[in-house]
There are 2 protein chains.
Amino acid sequence: MGMDERKFRILQAIIDDYILTAVPVGSRTISKKYDMGLSSATIRNEMSDLEELGYLDQPHVSAGRIPSAKAYRLYVDQLLHEGRLHSDSEAAVRAHFLGRMRQMEDVIDHAAQVLSSLTNYTAVVLPPTGPQPRIRTLQLVPVSSTAALVVIVTDSGIVRDTVIRVSDQLDSDTLYAISKSLTKELAGRTLQEAVEIFPQITARMQDNEGLLQGLGNFFQENSGAASHAHVAIGGRSNILNYPEYSDTEKARSFLSLMETRDKLASIIAQQGEMAFTVRIGPETGVPEMADCSIVTATYSTGHGQQGTIGVIGPTRMQYNRVLSILGTMGHQLSELFSDD
Amino acid sequence: MGMDERKFRILQAIIDDYILTAVPVGSRTISKKYDMGLSSATIRNEMSDLEELGYLDQPHVSAGRIPSAKAYRLYVDQLLHEGRLHSDSEAAVRAHFLGRMRQMEDVIDHAAQVLSSLTNYTAVVLPPTGPQPRIRTLQLVPVSSTAALVVIVTDSGIVRDTVIRVSDQLDSDTLYAISKSLTKELAGRTLQEAVEIFPQITARMQDNEGLLQGLGNFFQENSGAASHAHVAIGGRSNILNYPEYSDTEKARSFLSLMETRDKLASIIAQQGEMAFTVRIGPETGVPEMADCSIVTATYSTGHGQQGTIGVIGPTRMQYNRVLSILGTMGHQLSELFSDD
DNA sequence: AGTTAGCACTCGACCGAGGTGAGTGCTAAC
DNA sequence: GTTAGCACTCACCTCGGTCGAGTGCTAACT
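Residues numbered from 1 in each chain as written. Chains lettered and ligands numbered in written order. Predicted model: local features only at pLDDT ≥ 70, side-chain atom pairs only at ≥ 80, totals over all residues. Heavy atoms only, no water.

A. Highlighting the domain arrangement of chain A. Each domain of chain A was delimited in the assignment, giving domain 1 (5-82), domain 2 (102-130 + 229-338) and domain 3 (135-223). Each of domain 1 of chain A and domain 3 of chain A has a C-alpha centre, and the two are 62 Å apart. (Domains from an automatic or database assignment.)

Here is the structure:
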């Protein structure tokens, strides 16, 4: 007994119906609602086969069937293979990005917001990370008599800043001079490299110890794995729209997972190069998400950096819609970042 | 029939018990658990009076009584009046702030986190706002050949920045020169004032039109009510710990309110000068929070700026604990910001 | 051989009856 | 003014019965 064309069509109908209704679907429903030209009895036989093949589960003997993770997997693979993602969502996404935003964080937050409101699921957006950005300019701005702001501009246009304390009294011009010489030394290097050669620089410029030490620390802190910094999450409570989470206990564990940004980031973070990832139920590897699916896509900044956007919802997710929206969103973000 | 001492003690016992158990409390419970030296019958009579006075509600005729909003109000006023907030929480709060943080946002986020985990309710922290900060320094940092970063340092040490596009090609030194002259013109003024006199400056410095226009926009955008910028929220899902929110529909509406930062900020934002505000049930003025209470406290930065921290929980909130924790947290934040 | 109709069977959902127990209000006695 | 006692109320639980959606199996039809 293999998986023939007809079985597949029936399976697809079952999945479609279940995605819509979240109710176990019976043979009669399929035979009537999706006119297959087959009687319910025949469907029943096929469903029995599909269950044996592992594509369907039966919550109890006299309920309909529901698709298994394996079924969704098949369904999604098909979608991805065919590549026919209907794209009426494109306009919607684009419309939301008309007023373009200044800051990275704004963009990230906004993207998560849009993504969740378009899909009605929970959305997560990770900022771009990638090869160590290279320093382009470093500048010190006086903040008070004992503090200065360090602004570092990198080749990907990303700006990092921090306030450091300087024990000495330094005026604006002196700081500018120091900035210029530091820029000369550091331009073109990564933060990692900056940490390495920093002792030499410190040796050469013996004055301004306090300042240099502060700078050293800053480099140190920021050179590590580009710190999963800001993770934007949107539509946290969307999950409650779906009956599978009407159980409060489930909802609780899901929502508290959503609160721990770090964990979430590591779950979402894309490994590999794929345009899309779809992890279904147990494939997520997270017990709290045993009946969730995670769909992610990547975007890139045109400076070799990559970011991830993702949607989390019940396994009976509208994969078609979600994939298409993620695709569009990915494009938009890539465009937005690459000419910025 | 008035409110005598004994009635008050009974009411207090009822509130305490209800806060703990969330179950309507009956006369027998009070007479046994809180030994008043009175029989259940007597308590019953008193409770009947208290109900008539509007301090107790009876969900149905044969259940116990639950405290009304009016009762909580009385209870809280008493707490605030007596001022005896037990302070074993002080150490806990302090412990969480040992590693002090660099950036405003980090502090805010962390504070919300701590506050929610200490209270087990949902916590909200608003960044300090206050009288228009005055410009101390303005500096332009080149980002690319067509963009520059504007950094503005204000007297409260707060740094605002944005990237603006400059149509002209400007090198670092030129930008520095412009920065210096702009700083001279603008130092000591508020952003509001900067907007007003900006046309004159533009007229005087006719070159660099693109740049000046970008700057103008930036001032304009930031001069408004100090933009409820970053609102930190912690323990969103804590509300689900409490049986009054085991109804999914209620939880949903609560959580989606928590998602709209702006709205939340305006709800929490403290009017008036009071150290503490307690709004109970309908007093919140938000229908979604008909059976929530909001407790807020303020902290200040020592530069005339004030921020708000708040806790949102069910009306049967542990007011005592919450008030004391908020108080301590407020102090810690004030200290942290004032010498920064 | 595949398809279909028919039928017995299963099992969750829904409904109403009855029992249980916490809690009240009232009355009468202390 | 306080207390004991008692009848009464009402949410909640459990139990049995009915209903209906859905299945699996068998036998007949194409």
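Structure's up, so let's keep going.
B. How the structure looks around the nonpolar core. Ranked by size, the top nonpolar core spans 50 residues in total, and within it Leu-115, Val-125, Val-295, Ile-309, Tyr-319, Leu-326 and Leu-333 of chain B carry the most contacts. For this core, the element with the highest residue contribution is helix H12 (residues 319-338) of chain B, accounting for 9 residues. Split by domain, the residues of this core number at least three in each of domain 1 (5-82) and domain 2 (102-130 + 229-338) of chain B. Each residue touching Val-295 of chain B, except ones within four places of it in the same chain, is listed here: Thr-277, Val-278, Ile-309, Gly-310, Val-311, Met-317, Tyr-319, Val-322, Leu-323 and Leu-326 of chain B. By size, the runner-up hydrophobic cluster in this structure holds 49 residues, among which are Ile-15, Ile-43, Ala-123 and Met-329 of chain A. (Core = buried A, V, L, I, M, F, W, Y, C linked by side-chain atoms within 4.5 Å. Buried < 20%, exposed > 50% of the residue type's maximum accessible area, 1.4 Å probe, protein only. Helix = DSSP H or I, 4+ residues; strand = E, 2+ residues; numbered from the N terminus. Contact = heavy atoms within 4.5 Å.)

C. The sheet that holds strand E7 (residues 232-234) of chain A, seen in detail. All names here are of chain A. Overall, antiparallel pairing links the 5 strands, which are arranged E7-E3-E10-E9-E8 in an open sheet. Each edge of the sheet is formed by a strand with only one pairing partner; in this case those strands are E7 and strand E8 (276-280). Here the average twist between neighbouring strands, direction ignored, is 15 degrees. Of the strands in this sheet, strand E3 (122-129), E7, E8, strand E9 (292-300) and strand E10 (306-314) touch helix H11 (residues 261-268), which is tilted by about 80 degrees from E3. (Pairing = 2+ DSSP bridges. Axes fitted to C-alpha atoms, helices over the stretch in contact; angles between N-to-C directions.)

D. Focus on the packing of aromatic side chains. Using the criterion set out here, one finds 9 aromatic pairs over all chains in the structure. Considering the side-chain rings of Tyr-121 of chain B and Tyr-242 of chain B, the 5.2 Å spacing of their centres and the 25 degrees angle between planes classify their relative orientation as stacked. Highlighted residues: Tyr-121 of chain B in the loop between helix H6 (104-119) and strand E3 (122-129) and Tyr-242 of chain B in the loop between strand E7 (232-234) and helix H10 (248-259), separated in sequence by 121 residues. Members of the aromatic cluster, connected to one another through ring pairs, are Tyr-72, Tyr-75 and Tyr-319 of chain A. Sitting above the plane of the Tyr-55 of chain A ring, Lys-70 of chain A keeps its charged end 4.7 Å from the centroid. (Phe/Tyr/Trp six-rings, centres within 6.5 Å; stacked < 30°, edge-to-face > 60°. Lys NZ or Arg CZ within 6 Å of the ring centre and 35° of its normal.)

E. Up close: the protein's contact with DNA strand D. As a structural note, the neighbourhood of DNA strand D is formed by 21 residues, with Ser-27 of chain A together with Arg-6, Thr-42, Val-61 and Ser-62 of chain B the closest of them. The separation between a base oxygen of DNA strand D and a polar side-chain atom of Arg-44 of chain A is 3.2 Å. Thr-42 of chain B places a polar side-chain atom, nitrogen or oxygen, 2.6 Å from a phosphate oxygen of DNA strand D. Those elements giving two or more residues to the surface near DNA strand D turn out to be helix H3 (40-52) of chain A together with helix H3 (40-53) of chain B. (Near = heavy atom within 4 Å. Polar contact = N/O pair within 3.5 Å; in protein donor to acceptor, adjacent residues only side chain to side chain.)

F. Spatial organisation of a negative patch on the surface. A contiguous patch of negative charge, built from Glu-105, Asp-106 and Asp-109 of chain A together with Glu-105, Asp-106 and Asp-109 of chain B, is present on the exposed surface. For Asp-106 of chain A, the location among the structural elements is in helix H6 (residues 104-119). (Patch = residues over 30% accessible without salt bridge, like charges linked within 9 Å, V, L, I, M, F, W, Y side chains within 5 Å. Areas by Shrake-Rupley, 256 points an atom, 1.4 Å probe, with all protein chains shown as cover. Salt bridge = Lys/Arg side-chain N within 4 Å of Asp/Glu carboxyl O. Lys, Arg positive; Asp, Glu negative; His and termini not counted. Charge placed at Lys NZ, Arg CZ, Asp CG, Glu CD.)

G. Spotlight on the sheet that holds strand E10 (residues 306-314) of chain B. Residue and element names in this part refer to chain B. Ordered in space as E7-E3-E10-E9-E8, the 5 strands form an open sheet in which the pairing is antiparallel. Each edge of the open sheet carries a strand with a single partner, namely E7 and strand E8 (276-280). Each strand axis lies, on average, 15 degrees off the axis of its neighbour in the sheet, ignoring direction. Looking at chain direction, E3 and E10 are connected through 6 bridges and run antiparallel. If you follow Val-125 over to E10, its bridge partner there is Ile-309. Contacts between H6 and the sheet are confined to E3, E7, strand E9 (292-300) and E10, with E3 contributing the most and set at about 150 degrees to the helix.

H. The packing of helix H7 (residues 172-186) of chain A against helix H7 (residues 172-186) of chain B, seen in detail. Packing of H7 of chain A against H7 of chain B brings their axes to within 12 Å, and their N-to-C directions diverge by 165 degrees. The angle between H7 of chain A and H7 of chain B places the two elements in the roughly antiparallel class. The crossing of H7 of chain A and H7 of chain B is right-handed. Taking contact as the criterion, the partners of Ser-172, Asp-173, Tyr-176 and Lys-180 of chain A in H7 of chain A are, on H7 of chain B, Ser-172, Asp-173, Tyr-176 and Lys-180 of chain B. Residue composition of the contact of H7 of chain A with H7 of chain B, grouped by class: 2 nonpolar, 2 polar and 4 charged. (Parallel < 35°, antiparallel > 145°, perpendicular 65-115°, else oblique. Left-handed = near helix turned anticlockwise from the far one by under 90°. Nonpolar A, V, L, I, M, F, W, Y, C, P; charged D, E, K, R; others polar.)

I. Looking closely at the environment of Pro-142 of chain A. All names here are of chain A. For Pro-142, the position within the fold is in strand E4 (residues 135-144). Judged by relative accessible area, Pro-142 falls into the buried class, the value being 12%. When the C-alpha positions of Pro-142 and Leu-175 are compared, they lie 7.5 Å apart, and in sequence the two are 33 residues distant.

J. Representation of the protein's contact with DNA strand C within the structure. Taken together, 21 residues sit near DNA strand C, with Arg-6, Thr-42, Val-61 and Ser-62 of chain A together with Ser-27 of chain B positioned nearest. Here DNA strand C approaches the protein such that, of its atoms within 4 Å, sugar and phosphate make up 75%. Take Ser-39 of chain A: an N or O atom from its main chain is 3.2 Å from a phosphate oxygen of DNA strand C. Arg-44 of chain B has a polar side-chain atom sitting 3.1 Å from a base oxygen of DNA strand C. Those elements that place two or more of their residues in the surface near DNA strand C are H3 of chain A together with H3 of chain B. The element that contributes the greatest number of residues to the surface near DNA strand C is H3 of chain A, accounting for 4 residues. Taken together, the residues that form the surface near DNA strand C break down as 6 nonpolar, 11 polar and 4 charged.

K. Just helix H11 (residues 261-268) of chain B, in detail. All names here are of chain B. Inspection of H11 places Leu-264, Ala-265, Ile-267 and Ile-268 among the buried residues, and these make up the whole buried set. Within H11, the buried residues cover an arc of 165 degrees as seen down the axis, which keeps them to one side. On the buried face of H11, the contacting elements are E3, E7, H10, E8, E9 and E10. (Arc of directions from axis to C-beta.)

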